[in-house]
Amino acid sequence: MTTPIPFIMMGIYIVIVLCLSCKSVIAGRLIRKGKAQTFEDFFTGNKSMSAVVVGLVTIVTFYSGTTFTGRVGFFYHYGVIALTTVFSCAASGIVMFFLAEKIWPMAKKYHCSTLSDILELRYQSRYVKLLAAFIIISFNIIWLITEIRTLGIIVHIASGGIIAQATGAGLAFSIVILYVCTGGVRSVAMVDSFSALVMLCGSAICVIFLIVWYYDGSIQQMTWRAIAKDPQLWVVGDNEFGFPYWISSITVSTLVMLIYPSNYMSICMGNSVRAVKKAALAVSCSGPWLMVYGIIAMAALGLGGGAIHNPESALLEMISYSGCGLMLGIVTTFIFAASLGTLDSTLISLSGILSNDIVINMNHIATHKACIGQQEENPAQPKKIKSSTGAEVKLTRCFILLLGISAWFLSLRDLPLLVLLANYASNGILQILPATIGGLYWKKATPAGAMTSMVAGVSAFLLLNFIKENFYQNSEHFMGGYFLGLPALLVGLIVFIAVSLLTWRKFYAAEENRRSIVSQLFME
């Protein structure tokens, strides 16, 4: 179906997004009253966001455009095994709820903005901060690639195939880069709050339309026709995506929420612990909503063989076949909104990590600047902070542009199923879990233990993947079919505990100021 309606509706959405972004920029300048923007304001809005905003931003970050493309395609191919995300996304809110009590007071008191800032404060080591940032950047950029690919699919189908996926993705993503660069997290928060509402309402309308249009409003008819298409899709079979995948996916995707960088950004955005906890409860309750992609996949399966050409664009194809231009406009717009919600938060998160945790941090290492928590206030300090943070905001904007262009080029490559890419990213980021959670809740954790565990975990994960791809014929049965991030995590955990126990006395005895700061963190 070729119709201008999707572009008109997406155009209206884009205009609203840009207006909201401009409004946030003006509001931010009024709040600052002519003062230079600091990195903390650009990245977390000076921890001033309400529970409603934090909740909507978090929801649209996790429930991305890939939900309606990659996850639908994964369910279409492999069945109910794809619904593991429903459990993990519900658990993400619970995780965020309990982390808030520990993280937000630290972030507020010491002006921390990223997960790596928290690690620097806890371990009093800029090298721990640097290593964690490199790992997060290396694996989390995959999320940018998958969402950019989703933007390309949307524009390609909405144009009736006239606009190529790469071109469509580039044009759409440039909008994200524009408002993230200009407004920072205030623009992201305002746009994502609106996008979340568009996504939730649009997806509900879409599901009702599919059931009414193709199955005369009968959910039972749709279910039985989907089951008849391939009964094996409705059981956890003994294949590459069988029971080990089910257990691994739930475990890894839940654990990774403890260290997901956007989670920490959301926590630091809240104006209080209570606000973050309210937002976390909303995120947890929204988990079952993710079953929507299973319903969409069932509708596609029920149409029979040959009806769907690309399972990852099944939703858009079904709506296109209906001939209803208005519905195609609604669907393309809410998937577009979902993609933007994930892209903007991921883009600003990674750009902030690049500037604050890598470049500026390396400069502080070279100049032997004291770690977070050790700097004493003095009359000259405010001017120095104002100057350095202004430069950091400019650097972050440069990285937003650089990351955006790089991720777009990477999205042009031939890629496996988007869900498999997301799984790989989660398994890699998971390797900083011992250093993060161990540091927050175990007083004997040391910088040496944190760094060696991250190196050991990532090395084990990459080595296991190399062995699986090059030396194991039945790769789906390697390590019993479980995610390779789990044995790698066990290696990192053992190393973390062993090295920390061997070095904790020396760590605490080395410097009284360091010992005092760490002790205060555990008293708080």
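Each remark here, short or long, concerns the structure printed above.
Residues numbered from 1 in each chain as written. Predicted model: local features only at pLDDT ≥ 70, side-chain atom pairs only at ≥ 80, totals over all residues. Heavy atoms only, no water.

(A) Region of interest: the overall build of the chain. Along the backbone of the chain there are 21 helices and zero strands. Expected size for 524 residues packed as a compact globule is a radius of gyration near 24 Å; at 23 Å, the chain falls within 12% of this value. Expressed as lengths along the three principal axes of its C-alpha atoms, the size of the chain is roughly 70 × 55 × 40 Å. In the chain, which comprises 524 residues, the share counted as buried stands at 60%. A sequence separation of at least 24 residues applies to 86% of the contacts in the chain between residues at least 6 apart. Of the roughly 20,800 Å² of accessible surface on the chain, 68% is carried by carbon and sulfur atoms. Charge centroids of the chain, computed over 34 positive and 24 negative side chains, lie 12 Å from each other. (Helix = DSSP H or I, 4+ residues; strand = E, 2+ residues; numbered from the N terminus. Rg over C-alpha atoms; globule rule 2.2 N^0.38 Å. Buried < 20%, exposed > 50% of the residue type's maximum accessible area, 1.4 Å probe, protein only. Contact = heavy atoms within 4.5 Å. Areas by Shrake-Rupley, 256 points an atom, 1.4 Å probe, with all protein chains shown as cover. Lys, Arg positive; Asp, Glu negative; His and termini not counted. Charge placed at Lys NZ, Arg CZ, Asp CG, Glu CD.)

(B) Quick peek at the environment of Ile 136. Assignment of secondary structure puts Ile 136 in helix H7 (residues 126-158). Linking Ile 136 and Glu 512, residues 376 residues apart in sequence, is a C-alpha distance of 31 Å. In this structure, Ile 136 is in contact with Leu 115, Ser 116, Pro 261, Leu 350, Ile 353 and Ile 432, ignoring residues within four places of it in sequence.

(C) Region of the structure containing the pattern of salt bridges. Taken as a whole and assessed by the stated rule, the structure comprises seven salt bridges. A salt bridge links Glu 40 to Lys 47; the nearest nitrogen and oxygen atoms lie 2.6 Å apart. With respect to burial, Glu 40 and Lys 47 carry one shared label: buried. Its salt-bridge partner being Lys 129, residue Glu 120 comes within 2.7 Å of it at the nearest N-O pair. Overall, the relative accessible area of 0% leaves Glu 120 in the buried class. The class for Lys 129 is buried, based on a relative accessible area of 3%. Residues participating in the shared-partner salt-bridge network are Asp 117, Glu 120, Arg 126, Lys 129 and Asp 357. (Salt bridge = Lys/Arg side-chain N within 4 Å of Asp/Glu carboxyl O.)

(D) Highlighting the packing of aromatic side chains. Scanning the entire structure with this criterion turns up 14 aromatic pairs. Consider the rings of Trp 408 and Phe 409, whose centres lie 4.9 Å apart with planes at 70°: the pair is edge-to-face. Classification of Trp 408 as partly exposed rests on a relative accessible area of 22%. Judged by centre distance (5.2 Å) and plane angle (45°), the rings of Tyr 424 and Phe 461 are tilted. Here Tyr 424 is found in helix H17 (residues 418-429), whereas its partner Phe 461 is found in helix H19 (residues 447-471), with 37 residues between them in sequence. Judged by its relative accessible area of 2%, Phe 461 falls in the buried class. Linked through ring pairs, Tyr 13, Phe 194 and Phe 336 together constitute an aromatic cluster. (Phe/Tyr/Trp six-rings, centres within 6.5 Å; stacked < 30°, edge-to-face > 60°.)

(E) Just the packing of H7 against helix H8 (residues 165-215), in detail. Two numbers describe how H7 lies on H8: the axes approach to 7 Å, and their chain directions differ by 110°. When the axis of H7 is compared with that of H8, the two are roughly perpendicular. In this structure, the crossing between H7 and H8 has a hand that is right-handed. Here H7 contributes Ile 148, Arg 149, Leu 151, Gly 152, Ile 153, Val 155 and His 156 to the contact with H8, which in turn contributes Gln 165, Gly 168, Ala 169, Ala 172 and Phe 173. Taken together, the residues of the contact of H7 with H8 sort by class into seven nonpolar, four polar and one charged. (Axes fitted to C-alpha atoms, helices over the stretch in contact; angles between N-to-C directions. Parallel < 35°, antiparallel > 145°, perpendicular 65-115°, else oblique. Left-handed = near helix turned anticlockwise from the far one by under 90°. Nonpolar A, V, L, I, M, F, W, Y, C, P; charged D, E, K, R; others polar.)

(F) Local environment of the packing of helix H6 (residues 115-123) against H7. For the pair H6 and H7, interaxial distance at closest approach is 8 Å and the crossing angle is 155°. As judged from the angle between their axes, H6 and H7 are roughly antiparallel. Note that H6 runs across H7; the crossing there is right-handed. Seen from H6, the contacting residues are Leu 115, Ser 116, Asp 117, Leu 119, Glu 120 and Tyr 123; seen from H7, they are Arg 126, Val 128, Lys 129, Ala 132, Ala 133 and Ile 136.

(G) Molecular detail of the environment of Gly 325. Mapped onto the elements, Gly 325 comes out in helix H15 (residues 325-366). What makes Gly 325 buried here is its relative accessible area of 11%. When the C-alpha positions of Gly 325 and Val 458 are compared, they lie 48 Å apart, and in sequence the two are 133 residues distant.

(H) A look at the side chain of Ser 266. Along the chain, the position of Ser 266 falls in helix H11 (residues 261-269). Engagement of the side chain of Ser 266 in a polar contact is seen with the side chain of Thr 58, the distance being 3.2 Å. (Polar contact = N/O pair within 3.5 Å; in protein donor to acceptor, adjacent residues only side chain to side chain.)

(I) Region of the structure containing a nonpolar patch on the surface. Taken together, the side chains of Leu 490, Leu 493, Ile 494, Ile 497 and Leu 501 present a nonpolar region at the surface, about 440 Å² in accessible area. Looking at the secondary structure, you find Ile 494 in helix H20 (residues 485-510). Residue Ile 494 is classed as exposed on the basis of its relative accessible area of 52%. (Patch = residues over 30% accessible without salt bridge, like charges linked within 9 Å, V, L, I, M, F, W, Y side chains within 5 Å.)

(J) Looking closely at unusual backbone geometry. One non-glycine residue, His 111, lies in positive phi territory at about 55°. Here His 111 lies in the loop between helix H5 (84-110) and H6. Classification of His 111 by relative accessible area gives exposed; the value is 53%. Its identity is not glycine, yet Asp 216 carries a phi of approximately 55°, on the positive side. Of note, Asp 216 is situated in the loop between H8 and helix H9 (219-229).

(K) Spatial organisation of helix H13 (residues 292-301). Most of H13 is tucked away, with nine of its 10 residues classed as buried. On its buried face, H13 is in contact with helix H4 (70-78), H5, H8, H9 and helix H14 (314-322).

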